[in-house]
Amino acid sequence: MIGGLVLHLTLLLLFAPLLQGVIVKTKARFAGRVGAPLLQPYYDLARLWRKGFVFSTTTTWVFLAGPVVGLVVPLLASLMIPFGALPAPVSFEGDLILFVYLFGLARFFTATAALDTGSSFEGMGAVREVTFSCLAEPTVLFALLVLARLSEGFSLNALLGPHLTEAWRSDAGAALGLILVCLFVVLLVENSRIPFDDPTTHLELTMIHEVMVLDHSGPAFGMILYGASLKLMVLGALLVRILLPLQTGWWLTDALVFLGGQLGVAVAIGVVESTMARLRLPRVPQVLIGTSLLSIFALVLVLR
Amino acid sequence: MIWLLGGILLMMVSGVPGLFCRRDGHGGERLACLAVLAGSACGLIALVLVLGQGGEARLEWPMSFPGGAVALRLDAISATFLLPLFLLAPCGAVYGLGYWPQREHPANGRKLRFFYGFIVGSVMLLLTSRNGVLFLTGWELMALSGFFLISTEDHKEDARRAGFVYLIATHCGTLALFALFPLLERGAGSLMWPEAGSLPAAGSTLIFLLGLFAFGLKSGLMPLHFWLPGAHAAAPSHASAFLSGVMIKTGIYGLVRLTSLFAEIPPWWGWTVLLLGMVSGILGVALALAQHDIKRLLAYHSVENIGIIAIGLGLALLGRSYQLPELMALGLAGCLLHVANHGLFKSLLFLSAGSVIHGVGTREIDHFGGLLKRQPWTGALFLGGAVAISGLPPFNGFISEWLIYLGAFQTLKQPAALLGVAALAAPALALIGGLALACFVKVFGIAFLGEPRSTAAAQAHEAPPVMLAPMVVLLAACAWIGLLPGTLAPLLRAAVADWSGANGAALLNTTLAPLGRIGLVSWLLLALLLAGMLWLRHAARGARRDVSTWGCGYRFPTRRMQYTASSFADFLVRLFHFGLWSERHGGRVSGLFPVPERFSSHTPDAVLDRMLFPLFRGGAWLFRHLRARIQNGVTAIYLLYVALTLVVLLTLFTL
């Protein structure tokens, strides 16, 4: 139990920023550049850690609550999701709802912290964040319903159990494929990646997540970046487990399989980012509603 | 039961001494507040005694009362509805001392206090009565006192209008109840409520439809919600808190009680309630997003939450129809817990909104701004309420939504594919939750954060402690249910047993076991957040705090450049245009040298403003014309009417 917890947190805390590095590297390779070193996100965090804070006169304590919640929530949520074949340290019937709602809490405070600056740019970012997430939320639930239908219990451990291997071979394989696509789209939306948001754009008007954190500085900004990479890894874990339901039986190989899967997801994100353009904002809701419809099809496939 | 009767009496007469006190003294208001506090204490004692003895208490006075006896009965279902009442009523009464002091409102303060006590007493009466006539008496007293609470400021046009709309709506509901009780009597043999699960299925369709109409109208289920936004906006804040937190729940109580009486539930009942719940939930929160008036917005959130409650009830009914005790138990437990939870956080929000209105003097969200600096306590309390109503951990809203979610997931365990459709409740709840989150980010962000958007907001003052204390109590109650959810499990179990027999209640033992884990995670969350905040504040001790917000290089941003409530909601409101039909005026800029332009947008209520008003206006026009035709002042025509009537009567008698 304690060992599992330590392993879980070590994997998460150590390797999460690496994924960001892999994405950047993939994009650089696609563009024919050498790119920043793989460990650049770690250097960035270390640099921010040493810096000081600057606060706008408009802000209140809510401004600081944003980064804290953004860091604490992925950390807590990670305790409830299995990392590959490594079971989740905290597991109970219905923990999947808590998992989803914890990220809701993070969104609430990130968006309010953005509004706390009184800047209309950050207001725009907050609107887009809450709008797109609330459209992505039903898709997540549909995917969880499909997984729940295929499993015995209602905990994430049970949902993402070893039975998925058989499920892929059975009739439910098509449904699993569909929700895999849907969850990948949700992953892109929730982590503000292209085609929904461009993390490297230079224009405040077109950003979503980056514009919300414009006024943060120093360690608080570091917390936001670190929290974002934790979130990518935690949500990616859902995808990795559905795609690779391998059970080797030894914790080290299990952990390696999981990390390999995560790196694969990161590369996939990098490929998508390199080959697609950012969608126009009014298009985004249409894509998300389309994804919800896909996930409904998946549910119909397993219910029939 | 003596305690309960004493409580009812104390509540009902709480405003009476005030009527004989001086108009501008505060003796009367303090007496009234004391009486409400004492009444709640009596009620709580009664609840503790009854629940301590493990079940229920009855009281019957056989007397020449229609229906045979004055019958009161306190069981676990009544108790779950009464428990929030005993917390809310005194909180509202204490808050009223600061919000509506007699000295500042000599014209209507005494009336408000009298009817506040009266409505509390009548709700207590109807929640415990087991006799149809007694129930109707309580219902009607409640409805009428509600009218007087809504039209407290009867010198204002919109308060009078909201009051009349409410009065008409509630009496349509009462009319349906007048039809319902004789039908029940035909099935049960007397006007006393029969035992749970004793009525046969025959003839139940009409009873259910009448009940759904009457109780749905009171609770504000979607197409019948039209009276609610205006009414909650017009009443003083602590009265709105009671109306929204307790009074509309009597409709849910009626539905829960009515459905408990039948031995068999047809499946379509559950599907209907579930569908109505989803529609209310989604459209309620979408309408809330489009509002600019903070109290109207909160009122639409009541519609949304009633929707969530109805989803729970619908799942419970389906569980009974399809013999799935787990689904039934989880749905009903979620429904009842959400009734209590919504009462707590919605009154917290109404009270803190009242304190904002008290401080700024307007209900327009776009005139607030930057209030967290001027009203730090109110702001923090509102934030707590906002997190709770969005259903986020670690507060209570999450617990009840979790129960309903789990119920929705239960439907998947069945081989029957049809029932799997009920699992759609889960994504619907997720959408409702996401929209509610967006809405409360909007309200909290626009009202409390940023720079003040008006001079009134810049000069706002914090509410007095007598108004803050009740809000602190309510937030503590929200946190208590969120952090120690297991404490309410026995009451929920007893209520489920009362509704449907002990079968499902026993199952609830195992399904409620994870509540302890949720509580643990919530504590952990709270501890980590606190630690993080303390550390960050410590680390940011010597930071510069004298720079202005980054404006992309622009150095002189004004407060008018901030995002407004309407612009925040615009994206989502446009997405939900199919159900909202928002109106937009102006805002088109043309030419190379545009002249100043105005833009405004507002969202009228789809049912009241777009259907009922035109319909009734058309009706009035029609009857006016008919009258002009029939009563046209020509004596010969009147004689013709007399002759015709005689002929008709004669033919009728000879037949």
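Please read these numbers as outputs of a predicted model, since none were measured by experiment. (Residues numbered from 1 in each chain as written. Chains lettered and ligands numbered in written order. Predicted model: local features only at pLDDT ≥ 70, side-chain atom pairs only at ≥ 80, totals over all residues.)

On to the overall build of chain B. Helices and strands together make up the secondary structure of chain B, namely 28 helices and five strands. Projected onto its principal axes, the C-alpha positions of chain B cover 95 × 70 × 65 Å. Here chain B, with 655 residues, has 57% of them falling under the buried criterion. (Helix = DSSP H or I, 4+ residues; strand = E, 2+ residues; numbered from the N terminus. Buried ≥ 20, exposed ≤ 12 C-beta atoms within 10 Å, placed from the backbone.)

Quick look at the overall build of chain A now. In terms of helices and strands, chain A carries twelve helices and one strand. Counting from the amino terminus, chain A carries its helices and strands in the arrangement α-α-β-α-α-α-α-α-α-α-α-α-α. In summary, chain A has a C-alpha radius of gyration of 19 Å against a globular reference of 19 Å for 304 residues, a match within 12%. For chain A, the spread of C-alpha atoms along the principal axes amounts to about 60 × 45 × 40 Å. With 304 residues in all, chain A has 59% of them scored as buried. Partitioning the intrachain contacts of chain A with sequence separation of at least 6 by distance along the chain shows that 77% fall at a separation of at least 24. (Rg over C-alpha atoms; globule rule 2.2 N^0.38 Å. Contact = placed C-beta atoms within 7 Å.)

Residue and element names in this part refer to chain B. Burial within strand S1 (residues 57-62) is sparse, with just zero of its six residues counted as buried. For S1 and strand S2 (residues 69-74), the ladder comprises six bridges, and the chain directions are antiparallel. When the sheet's bridge partners are listed, Pro62 is paired in S2 with Ala69. (Pairing = 2+ DSSP bridges.)

On to the interface of chain B and chain A, then. On the chain A side, the residues contacting the 62 residues of chain B number 62 residues. Contributing elements (two or more residues each) for the side of chain B that touches chain A: helix H15 (371-374), helix H17 (396-410), helix H18 (417-420), helix H19 (425-448), helix H24 (515-539), strand S3 (544-547) and helix H25 (565-575) of chain B. Residues belonging to the side of chain B that touches chain A are distributed by class as follows: 43 nonpolar, twelve polar and seven charged. The pairing of strand S1 (residues 54-56) of chain A with S3 of chain B spans two bridges and is classified as parallel. Paired with Ser56 of chain A across the strands is Val547 of chain B, a residue of S3 of chain B. (Nonpolar A, V, L, I, M, F, W, Y, C, P; charged D, E, K, R; others polar.)

Here the domain parsing of chain B yields domain 1 (1-171 + 223-247), domain 2 (263-534) and domain 3 (608-654). Between the C-alpha centres of domain 1 of chain B and domain 3 of chain B there is a distance of 42 Å. (Domains from an automatic or database assignment.)

This paragraph deals with the environment of Ala28 of chain A. All names here are of chain A. Tracing the backbone shows Ala28 in helix H1 (residues 2-30). As for Ala28 and Thr248, which are separated by 220 residues in sequence, their C-alpha atoms are 34 Å apart. With residues near it in sequence (within four places) discarded, Ala28 still touches Arg33, Val34 and Gly35.

The subject of this paragraph is helix H14 (residues 325-360) of chain B. In this model, H14 of chain B (36 residues) spans 51 Å end to end at C-alpha, consistent with the 52 Å of a helix rising 1.5 Å per residue. A positive phi of about 90° marks Gly361 of chain B, the residue just after H14 of chain B. (Expected span 1.5 Å × (residues − 1).)

This next bit is on the nonpolar core. Among the nonpolar cores identified, the biggest contains 341 residues, and Ala425 and Leu435 of chain B are the most heavily contacted of them. Broken down by element, the residue count for this core peaks at 20 residues, all from H14 of chain B. Of the residues that make up this core, three or more belong to each of domain 1 (1-171 + 223-247) and domain 2 (263-534) of chain B. Residues within four places of Leu435 of chain B in sequence aside, it is in contact with Cys134 of chain A together with Val285, Ala286, Leu289 and Leu572 of chain B. (Core = buried A, V, L, I, M, F, W, Y, C linked by C-beta atoms within 7 Å.)

This part covers unusual backbone geometry. A negative phi angle is the norm for most residues apart from glycine, just as the trans form is the norm for most peptide bonds. Pro195 of chain A follows Ile194 of chain A through a cis peptide bond whose omega is 10°. For Pro195 of chain A, the location among the structural elements is in the loop between helix H8 (173-190) and helix H9 (209-212). The peptide bond linking Pro393 of chain B to Pro394 of chain B adopts the cis configuration, its omega dihedral lying at 5°. With respect to the element layout, Pro394 of chain B can be found in the loop between helix H16 (376-389) and H17. Despite not being glycine, Ser192 of chain A shows a phi value in the positive range, around 50°. Relative to the assigned elements, Ser192 of chain A resides in the loop between H8 and H9. The phi dihedral of Gln323 of chain B falls on the positive side, at around 60°, and the residue is not glycine. Examined against the element boundaries, Gln323 of chain B turns out to sit in the loop between helix H13 (294-321) and H14.

Further remarks concern the packing of H14 of chain B against helix H21 (residues 465-483) of chain B. Geometry of a packed helix pair, given as the angle between the helix axes and the separation of the axes. Residues and elements named next belong to chain B. Viewed as axis vectors pointing N to C, H14 and H21 meet at an angle of 150°, and their least axial separation amounts to 9 Å. Considering the angle they form, H14 stands roughly antiparallel to H21. Along this stretch, H14 crosses H21, giving a crossing that reads as left-handed. Side by side, H14 and H21 meet where Asn341, Leu344, Phe345, Ser347, Leu348, Leu351, Ser352 and Ser355 of the first sit next to Met467, Pro470, Met471, Leu474, Leu475, Ala477, Cys478 and Ile481 of the second. (Axes fitted to C-alpha atoms, helices over the stretch in contact; angles between N-to-C directions. Parallel < 35°, antiparallel > 145°, perpendicular 65-115°, else oblique. Left-handed = near helix turned anticlockwise from the far one by under 90°.)

What follows covers the confidence of the model for chain B. Residue and element names in this part refer to chain B. For chain B, per-residue confidence averages 90 on the pLDDT scale, and 98% of positions sit at 70 or higher. By mean pLDDT, helix H23 (residues 502-511) is the weakest element of chain B at 71, and H16 is the strongest at 96. Note on the complex model: pTM 0.94, ipTM 0.95. (pLDDT = per-residue confidence, 0-100.)

With that out of the way, let us pick up H1 of chain A. All names here are of chain A. Taking 1.5 Å of rise per residue, 29 residues should cover 42 Å, and H1 covers 42 Å from first to last C-alpha, within 8% of that figure. Helix geometry: H1 is bent most strongly at Phe15, by close to 40°, with proline Pro17 lying one to four residues after it. At the exit of H1 stands Gly32, carrying a positive phi of roughly 80°. (Bend = angle between axes of the 7 residues up to and from the residue.)

Residue and element names in this part refer to chain B. Close contact between helix H5 (residues 109-128) and helix H6 (residues 132-150) brings their axes to 8 Å; oriented N to C, the two are set at 155°. Compared by their axis directions, H5 and H6 come out roughly antiparallel. Crossing angle aside, the handedness with which H5 passes H6 is left-handed. For the pair formed by H5 and H6, the contact residues are Lys111, Leu112, Phe115, Tyr116, Phe118, Ile119, Ser122, Val123, Leu125 and Leu126 on the first element and Phe135, Gly138, Trp139, Leu141, Met142, Ser145, Gly146, Phe148 and Leu149 on the second. Looking at the contact of H5 with H6 residue by residue, the class counts come to 14 nonpolar, four polar and one charged.

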